[in-house]
Amino acid sequence: MNARSAPVGIFGGTFDPVHFGHLRSAYELLHALRLRQVRFMPVGNPPHRAAPIADADLRVRMLKAAIGHQPGFVLDDREVRRSGLSYSVDSLESLREELDAVPICLLLGMDSFLGLPKWYRWRDILKLAHVVVAHRPGWKAPSRGALGTLVRDRGTELVDDLHKTTAGAIYIHEVTQLEISSSSIRTLVSKGIDPRYLLPERVRELLDQAKCYSIGMDDTATRNQTEGGSDPS
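Worth saying up front: this structure is predicted, and the values here are computed from it rather than measured.

### Let's talk about the confidence of the model for the protein chain
The predicted model of the protein chain averages 88 in pLDDT, with 90% of residues at 70 or higher. Between residues 215-233, whose pLDDT stays under 50, and residues either more than four places distant or in other chains, the model counts 14 contacts.

### What to know about the pattern of salt bridges
For the structure shown, the criterion picks out 17 salt bridges. We note a salt bridge from Arg78 to Glu98, for which the minimum N-O separation is 2.8 Å. Within this pair, whereas Arg78 is found in helix H3 (residues 78-81), its partner Glu98 is found in helix H4 (residues 88-99), the two being separated by 20 residues in sequence. Residue classification places Glu98 among the partly exposed positions, given a relative accessible area of 45%.

### Structural notes on the nonpolar core
Core analysis: the largest hydrophobic core is formed by 36 residues, its most contacted members being Val18, Val38, Phe40, Met62, Phe73 and Val132. Of all elements in the fold, only helix H1 (20-32), strand E2 (37-42), helix H2 (56-67), strand E4 (104-109), strand E5 (130-135), helix H9 (182-190) and helix H10 (201-210) reach the threshold of two or more residues within this core. Looking at this core, the element that brings in the most residues is H2, giving 5 residues. When sequence neighbours within four positions are dropped, the list of residues in contact with Val38 reads Gly9, Phe11, Ala26, Leu30, Gly72, Phe73, Val74 and Leu107.

### Some words on the environment of Tyr213
Examined against the element boundaries, Tyr213 turns out to sit in the loop between H10 and helix H11 (217-226). In the structure, Tyr213 is positioned 162 residues away from Ala51 in sequence and 14 Å away in space, judged by C-alpha atoms. Beyond its immediate sequence surroundings of up to four residues, Tyr213 is in contact with Asp16, Pro17, Ile53, Ala54, Met62, Arg186, Val189, Ser190 and Leu207. Side chain to side chain, Tyr213 and Asp16 meet in a polar contact 2.6 Å long.

### Things to note about the pairing of strand E1 (residues 8-13)
Relative to E2, E1 runs parallel, the two being bridged by 6 bridges. Each residue of the ladder has a partner; that of Val8, found in E2, is Gln37.

What counts and how
Residues numbered from 1 in each chain as written. Predicted model: local features only at pLDDT ≥ 70, side-chain atom pairs only at ≥ 80, totals over all residues. Heavy atoms only, no water. pLDDT = per-residue confidence, 0-100. Contact = heavy atoms within 4.5 Å. Salt bridge = Lys/Arg side-chain N within 4 Å of Asp/Glu carboxyl O. Helix = DSSP H or I, 4+ residues; strand = E, 2+ residues; numbered from the N terminus. Buried < 20%, exposed > 50% of the residue type's maximum accessible area, 1.4 Å probe, protein only. Core = buried A, V, L, I, M, F, W, Y, C linked by side-chain atoms within 4.5 Å. Polar contact = N/O pair within 3.5 Å; in protein donor to acceptor, adjacent residues only side chain to side chain. Pairing = 2+ DSSP bridges.

Structure below.
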C-alpha cells in the first residue's frame, strides 16, 4: 500500500472543548489503520443536540492549538464555514468530490454508531465512506436490528479492506478510553476547578483567556486559597 492510496480519517464532533480523550483515540486510529491523515472536523450547527457553548472561532483555535504539532493531524473547518444544519452526509459528499478515489474512514465512537439510524440519510454514508467504530474494552457491536444486519453484511476485521476500496466497510477497533469528556471539563470550569492535565495546556490557556465556561481559572484558584478552599485532587 502506498501513501497515495492510504485512507483519510474524518473525526467530527463539537470539540467543546477538545481534550486528550479525543486526541488519544485519533492518534491510535491514525497508526492502527495506517491512515494518511486524520481530519478533525468541528461541527457547525448540530441537528441532534444543543449548539456548542464555545463559538466556532474559539473551537477552531483550540483545535489548531491541540493538533498543530502532530504529524497526520489536520483541521477541516468546512462545517463551521457552511450555513445551515451540519449533516455528516453533506460533508462526506463534498469530501468525496475533493478526494476522488481516496478511501475515506468516518471515525465514530460506539455510542455514535449505535445512534447511526437516526442520522440524516444514514444509509448513504456507507456509499461515501467506510465506518470505523472506536470502542472501549468490554463493549460489543450490536447483533440485532438494522445495525446488527449492517455489521454482519459490511463488517471486516482486515485493515487492508479499508485501503482496497473507497467506501462500504465497517471496521471495529478497540482504543484506549480515557475517562474524560467535554461536558465534564465544562462542569469543572464552571465550578472554578482548573482542568489542567485533561486537555493540552495551550487549549487550557485559550479557555482561560476567553473566559469560556466560567471566570478566569487562575483568579478562582487564588480566591479558593484565600477562603480556605483546598486544591481538588
